[in-house]
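Observations on the model geometry
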Amino acid sequence: MKVAIYGLFLVAFQLAAPGTTSWGVAVIIVGTVSAVAGVLYALVDHDLKRLLAYHSIENIGIILIGMGVALVARSEGNIVLAGLALTAALFHSINHGLFKALLFLGAGTVADTTGSVDLEKLGGLSSRLVWTAPLFLIGCAAITGLPPFNGFASEWLTFQALVHGISTSARIVNLVILGSLAGLALTGGLAAACFVKVYGIAFL
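Worth saying up front: this structure is predicted, and the values here are computed from it rather than measured. (Residues numbered from 1 in each chain as written. Predicted model: local features only at pLDDT ≥ 70, side-chain atom pairs only at ≥ 80, totals over all residues. Heavy atoms only, no water.)

1. As for the packing of helix α2 (residues 21-44) against helix α3 (residues 48-75)
Their axes nearest at 7 Å, the elements α2 and α3 cross at an angle of 160°. It follows from the interaxial angle that α2 and α3 lie roughly antiparallel. When you trace α2 past α3, the crossing you get is left-handed. When its residues are assigned to classes, the contact of α2 with α3 shows 19 nonpolar, ten polar and one charged. (Axes fitted to C-alpha atoms, helices over the stretch in contact; angles between N-to-C directions. Helix = DSSP H or I, 4+ residues; strand = E, 2+ residues; numbered from the N terminus. Parallel < 35°, antiparallel > 145°, perpendicular 65-115°, else oblique. Left-handed = near helix turned anticlockwise from the far one by under 90°. Nonpolar A, V, L, I, M, F, W, Y, C, P; charged D, E, K, R; others polar.)

Rendered as structure tokens:
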């Protein structure tokens, strides 16, 4: 996934640069739809590994939101905002790789121990997996964007980029950014609900 993200950044900011405002708007829309759709699919899934995969779709959407804001800001000559948004996107790429690897390792341990990743067949694993349970909880807190974990830091930067992007763009772009801001807030709330459910079912 990160190779694909690297390819997008390479094309947008180097090979086909400078991108237009419409490029940025399109990327913001695609990223917002991806983030919201990914977390909604994850919320109703009962397969732990597939649920984590849907959350990867969500987090790639968050990365694309940052990339889109960077494209818009750069096309308008706002280099400071472009740098902030680009930093948020790249930072979240790194953070996603870290906490998602932790969660998939935890899911693999659950699968090896119980022979299943179906949440409806799991429960009470904290007493059996004394190392996995707290580490999986840390991964859950990070992926939902709770402070002081790394997911919070990069998502907060993305929020800041969106907020600052509202006052520097044309009216239609402002509407798109506002919609993305709302979508990102919704995504954070749904992700928190999802992982509270996951941890509660599997480990408590």
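2. Observations regarding the pattern of salt bridges
Throughout the structure, instances matching the rule amount to one salt bridge. Put simply, Arg50 and Asp45 hold a salt bridge, and the shortest N to O gap is 2.8 Å. (Salt bridge = Lys/Arg side-chain N within 4 Å of Asp/Glu carboxyl O.)

3. Observations regarding the packing of aromatic side chains
Taken as a whole and assessed by the stated rule, the structure comprises five aromatic pairs. Joined through ring pairs, the aromatic side chains of Phe136, Tyr199 and Phe203 make up one cluster. (Phe/Tyr/Trp six-rings, centres within 6.5 Å; stacked < 30°, edge-to-face > 60°.)

4. A look at helix α4 (residues 79-114)
Taking 1.5 Å per residue, 36 residues should reach 52 Å; α4 reaches 51 Å between its end C-alpha atoms and fits that length. In the segment just after α4, Gly115 is the residue with positive phi, at about 80°. (Expected span 1.5 Å × (residues − 1).)

5. Description of the packing of helix α1 (residues 2-15) against α3
If you want to describe how two helices pack, look at the angle between their axes and the distance between the axes. As a packed pair, α1 and α3 sit with axes 12 Å apart at the nearest point and diverge in direction by 10°. With respect to their mutual orientation, α1 and α3 come out roughly parallel. Contact residues: Lys2, Ile5, Leu8, Phe9, Ala12 and Phe13 in α1; Ile60, Ile63, Leu64, Met67, Ala70, Leu71 and Arg74 in α3. (Contact = heavy atoms within 4.5 Å.)

6. Observations concerning the environment of Ala42
Tracing the backbone through its elements, the reader meets Ala42 in helix α2. Judged by its relative accessible area of 0%, Ala42 falls in the buried class. With twelve residues separating them in the primary sequence, Ala42 and Tyr54 have C-alpha atoms 5.3 Å apart. If near-sequence neighbours (up to four positions away) are discounted, Ala42 is found in contact with Leu51, Tyr54, His55, Cys194 and Lys197. (Buried < 20%, exposed > 50% of the residue type's maximum accessible area, 1.4 Å probe, protein only.)

Don't take any of this as a statement about function, it's just geometry.
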